[in-house]
Amino acid sequence: MTQSFAERRARLMGPNVPTFYETPVHLVRGEGAWLWDASGKRYLDCYNNVAHVGHCHPHVVQAIAKQAATLNTHTRYYHDLVLDYIERLTATLNHGISQAIMVCTGSEANDLALRMAQAATGKTGIIATDNTYHGNTAAVSQLSTRRPPIGGRAPNVRLVPAPDVLRPLGGCLAAQAQAFADNVATAITELEEAGFGFSGIMLCPVFANEGLLPPEAGFLDPTVNVVRRAGGLILCDEVQPGFGRVGSHFWGHDALGFAPDVVTIGKPMANGHPVAACLARPDVMAAFREAFGYFNTFGGNPVSAAACLATLDVIEGEGLQARAAETSAYLMERLRALRHPLIADVRAAGMFFGVEFVQGDQPATAFVAELVEDMVARGFILNRIGRGANTLKMRPPMVFGIAEADLLADALQSALSTR
């Protein structure tokens, strides 16, 4: 009897391995903003920030192949490329952040950030939002809210209510910034009283997994003041908003106008090659290096560094940050013109878009799940986010342009017209 692909996966990878969509997509090829499945069907990728500068970009592919054919080793030997990359990358950052540890995944980078906060403060209490995701290690999974940890959440962790566009903290959008800060202050007090102290807060500057909060300069100022007064660090997860995606700025935290102590990056930085990094000020890095005997065999290897440098080449050479700002403004016009009675809000953070659907006073969760499946059947890769999984999530590669925006908007209106 012929074994199905799903059965083969279960046999070799175990049960419950996550896939997107009711009918999983079997991809075999990618180019730019497009993907093809095993049957030859073409899909417009409206979701994949991993291929930040486009699937299989020839400049990145060539850099990887050339370096792989020359040398691949690790950072316990001297090599120029990892230093060249850190110099070039940190030149895009302000706030005294000038050093980095290269790792392999965003989860590792966020795990390091937590340890940096502990080393710099001598305390262990950590805060995140109550509807977030920061990775898969034992430490950062304590912050992630997809599934509660076995045995319950660690006592040194506090999750505060996440900001929300339609159901703002404090009862209205004008009050939300202070309300978020007040909840952080309460959590800090609890951690101090419990004896853990407060090491820092980890957050995504556009609150991406929480449902997407468009960056508004000054929004986090009250929270920053609370954190600084308590002596904690701000750990900024830039895996989704970084590298020009917000359009107006190269980094999400700059769009909000605050200074993080640590910045973490991952998937997009090498266009999908498995590399990530934790960036920090020298004083924070020194505290970490003195407290932990850390090294990473594959982090910063020459092939990864070459891929990272090539990705920066493309972002700069093809003007992708400016293109993101232009495409974002255009697609937002198209998305705001969509018509359906369940549409409650349309929002964006550069090349990151959300369309939230509400039925009565409840999240239209089932409706959005069905809409996603319909769009995939039509050849458009996207997904959903938010506490109620009722916000359509679109986060395409940065090469996504006006023509692709029109294809997406036309298909969405067609799908909505049938519902």
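Look above for the structure.
Since this is a predicted model, take the numbers as computed values, not measurements.

**Considering helix H11 (residues 365–377)**
Turning to step 1, where the next piece is worked out: Here H11 is 13 residues long and its end C-alpha atoms lie 19 Å apart, about the 18 Å a rise of 1.5 Å per residue gives.
Turning to step 2, where the next piece is worked out: Next to the buried residues of H11 lie strand E3 (42–45), strand E12 (353–359), strand E14 (380–381), strand E15 (383–385), strand E16 (391–394) and helix H12 (402–417).
Turning to step 3, where the next piece is worked out: Trailing H11 by a residue or two, Gly379 shows a phi angle of about 100°, which is positive.

**Observations concerning the packing of helix H3 (residues 80–90) against helix H9 (residues 302–317)**
Turning to step 1, where the next piece is worked out: It is the contact of H3 with H9, at a shortest axis distance of 8 Å, that shows an interaxial angle of 35°. Considering how the two elements wind past one another, H3 and H9 form a crossing that is left-handed. Contact residues: H3 offers Leu81, Val82, Asp84, Tyr85, Arg88 and Leu89, while H9 offers Pro302, Ala305, Ala306, Cys308, Leu309, Leu312, Asp313 and Glu316.
Turning to step 2, where the next piece is worked out: By residue class, the composition of the contact of H3 with H9 is 10 nonpolar, no polar and 4 charged.

**Quick look at the packing of aromatic side chains**
Turning to step 1, where the next piece is worked out: Counting across every chain of the model gives 10 aromatic pairs.
Turning to step 2, where the next piece is worked out: Judged by centre distance (5.6 Å) and plane angle (45°), the rings of Phe20 and Tyr21 are tilted.
Turning to step 3, where the next piece is worked out: The class of Phe20 is partly exposed, set by a relative accessible area of 44%.
Turning to step 4, where the next piece is worked out: The structure contains a cluster of three or more aromatic residues connected by ring pairs, namely Phe20, Tyr21 and Tyr47.
Turning to step 5, where the next piece is worked out: A cation sits over an aromatic face here: Arg29 above Trp36, 3.9 Å from the ring centre.

Here is what the cut-offs are and how they apply
Just so you know, the residues in each chain are numbered from 1, in the order the chain's sequence is written. Where local features are concerned, this predicted model is filtered to residues with pLDDT of at least 70; where side-chain atom pairs are given and counted, the filter is 80 or more; whole-chain, interface and lining totals use all residues. The basis for every side-chain value is the complete set of non-hydrogen atoms in the structure, without hydrogens or water. Every helix listed is a DSSP run of H or I at least four residues long, and every strand listed is a run of E at least two residues long, numbered separately from the N terminus. Any helix carries an expected span of 1.5 Å times its number of residues minus one. Any two residues whose heavy atoms approach within 4.5 Å are treated as being in contact. Note on geometry: axes are C-alpha line fits, over the in-contact stretch for helices, and angles between N-to-C directions span 0 to 180 degrees. For any helix crossing, the convention is left-handed if the near helix is rotated counterclockwise from the far helix by under a right angle, and right-handed if that rotation is clockwise. All residues other than Ala, Val, Leu, Ile, Met, Phe, Trp, Tyr, Cys, Pro, Asp, Glu, Lys and Arg, Gly among them, are scored as polar; the first ten of these are nonpolar and the last four charged. Pairing of aromatic side chains here covers Phe, Tyr and the six-membered ring of Trp, requires ring centres within 6.5 Å, and sorts the geometry by plane angle: under 30 degrees stacked, over 60 edge-to-face, intermediate tilted. The buried label goes to any residue with under 20% of its type's maximum accessible area, the exposed label to any with over 50%, and the partly exposed label to all in between, with areas taken from a 1.4 Å probe on protein chains only. Lysine and arginine charges are scored as sitting over a ring when NZ or CZ, respectively, is within 6 Å of the ring centre and within 35 degrees of the ring normal.

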